[in-house]
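Below, each chain spelled out in residue letters.
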Amino acid sequence: MYKRIRELPNVLNKYSAQLLAEGAVSQADIDEEIASFDKIMNDAYKKSTAITKMKLTDWLDSPWDHFFECDANKVPILRETPPTGASDSVLKIIAETFSADPPIKVHPGIKRILKGRKKMAEAREADWALGEALAFGSLLMEGYHVRLSGQDVERGTFSHRHHVLHDQDIDGKVYNPLQNLSSSQQKYSVSNSSLSEFGVLGFELGFSQHNPNSLVCWEAQFGDFFNTAQPIIDQFISSGQDKWYRQSNLVMLLPHGMEGMGPEHSSARMERFLQMCNDDEDSKYEGVSSDQQLWDCNWQIMN
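Report on the accompanying structure. (Residues numbered from 1 in each chain as written. Predicted model: local features only at pLDDT ≥ 70, side-chain atom pairs only at ≥ 80, totals over all residues. Heavy atoms only, no water.)

**As for the sheet that holds strand β1 (residues 145-150)**
Link 1 in the chain: In spatial order, the strands read β4-β1-β5-β6; together these four strands make up an open sheet with parallel pairing. Taken across any chain shown, the strands that pair with only one partner, and hence form the sheet edges, are β4 (188-192) and β6 (250-253). Along the sheet, successive strands turn relative to each other by an average axial angle of 15°, direction set aside.
Link 2 in the chain: Direction of pairing for β1 relative to strand β5 (residues 214-219): parallel, over a ladder of six bridges. Counterpart to Leu148 in the pairing with β5 is Cys217.
Link 3 in the chain: Packing against the sheet, helix α6 (residues 128-141) makes contact with β1, β4, β5 and β6, and its axis sits at approximately 135° to β1. (Pairing = 2+ DSSP bridges. Helix = DSSP H or I, 4+ residues; strand = E, 2+ residues; numbered from the N terminus. Axes fitted to C-alpha atoms, helices over the stretch in contact; angles between N-to-C directions. Contact = heavy atoms within 4.5 Å.)

**A look at a nonpolar patch on the surface**
Link 1 in the chain: Judged by side-chain polarity, Met1, Tyr2 and Ile5 come together as a nonpolar surface patch covering roughly 410 Å² of accessible area.
Link 2 in the chain: Residue position: Met1 is located in the segment before α1 (2-7). (Patch = residues over 30% accessible without salt bridge, like charges linked within 9 Å, V, L, I, M, F, W, Y side chains within 5 Å. Areas by Shrake-Rupley, 256 points an atom, 1.4 Å probe, with all protein chains shown as cover. Salt bridge = Lys/Arg side-chain N within 4 Å of Asp/Glu carboxyl O.)

**Focus: the pattern of salt bridges**
A side chain with one charge can pair with a side chain of the opposite charge if their charged atoms come near.
Link 1 in the chain: The full count for this structure, using the stated rule, is seven salt bridges.
Link 2 in the chain: Here Asp88 ties to Arg124 by a salt bridge, and the two come within 3.6 Å at their closest N and O atoms. Taken together, the residues Asp88 in helix α4 (residues 88-99) and Arg124 in the loop between α5 (108-122) and α6 connect sequence positions 36 residues apart. An identical accessibility class is assigned to Asp88 and Arg124; each is exposed.
Link 3 in the chain: Between Lys105 and Asp169 there is a salt bridge whose closest N-O contact spans 3.6 Å. Here Lys105, found in the loop between α4 and α5, pairs with Asp169, found in the loop between β2 (165-166) and β3 (174-175); they are 64 residues apart in sequence, far enough to count as distant.
Link 4 in the chain: A cluster of three or more residues bridged by salt bridges with shared partners is formed by Glu132, Arg161 and Glu219. (Buried < 20%, exposed > 50% of the residue type's maximum accessible area, 1.4 Å probe, protein only.)

**Overview of the packing of α4 against α6**
Link 1 in the chain: Running from N to C, α4 and α6 cross one another at 120°; their axes reach a closest spacing of 9 Å. Taken together, the axis directions place α4 and α6 in an arrangement best described as oblique. The handedness of the crossing between α4 and α6 is right-handed. Taking contact as the criterion, the partners of Val90, Leu91, Ile93, Ile94, Ala95 and Phe98 in α4 are, on α6, Ala129, Leu130, Ala133, Leu134, Gly137, Ser138 and Met141.
Link 2 in the chain: Considered class by class, the residues forming the contact of α4 with α6 number 11 nonpolar, two polar and no charged. (Parallel < 35°, antiparallel > 145°, perpendicular 65-115°, else oblique. Left-handed = near helix turned anticlockwise from the far one by under 90°. Nonpolar A, V, L, I, M, F, W, Y, C, P; charged D, E, K, R; others polar.)

From the geometry alone we can't say anything about function, so treat these as descriptive.
Written out as structure tokens, the structure reads:
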């Protein structure tokens, strides 16, 4: 095989001969193009001889580059973290829309949940579901795309979310309150996925790497279900920046608790994630900005 390959004309000569035979170019055109390319390569080589050190940041080719800019000495430029709060008027719109009667016929149990949400909003209180809706909704109204995938995410593992409401009379007719906050909001993508954690989490990771201005969430039906996505977590998420030099805004939600669903569903195996932190017992963060900590850490774990 190698002998046959060596006997073949190289691709450049073969393609040049074809273009000449077709009359598409002249020999002068080909010579000029080759000389131009050779000059580009030679100039780049000469510049490379002046480089004394190289960092992985020099090879960053993602839309995240402006998030982690460096000065002329390749030192990270630290910026103040922008405020993340939302005004009362925005929160009121979200809470009222999220708890309002939908324009479809819903299950009586859903009506009861919506009524409870309305009472909480009027009392300026929030449970897990309402707090999450306020967070998602405020981002959507600011123009940030939010996407949520995983098993049972539309309803929520513990029947707490109910972001997609189903008509009880018309099959397939649904209503998403958070997609109806304002005419200028960004799109909210929420969809149930199959029990294929490896594939789904891998897809969401890839999406997040190319969409720095989106909130990308993957939720396991129960926390322990991340088991079958372990290679994605070990190889590409926990070590993503150091190993592949790729940034990601992926959020993994791993719901768990003593809900009587068995020993595995009661634990998201937090110890595994803690073991994969790039912590250093000799590192001290007194007086260090939050931006510097974000730059240094490989991920954040919250329980």
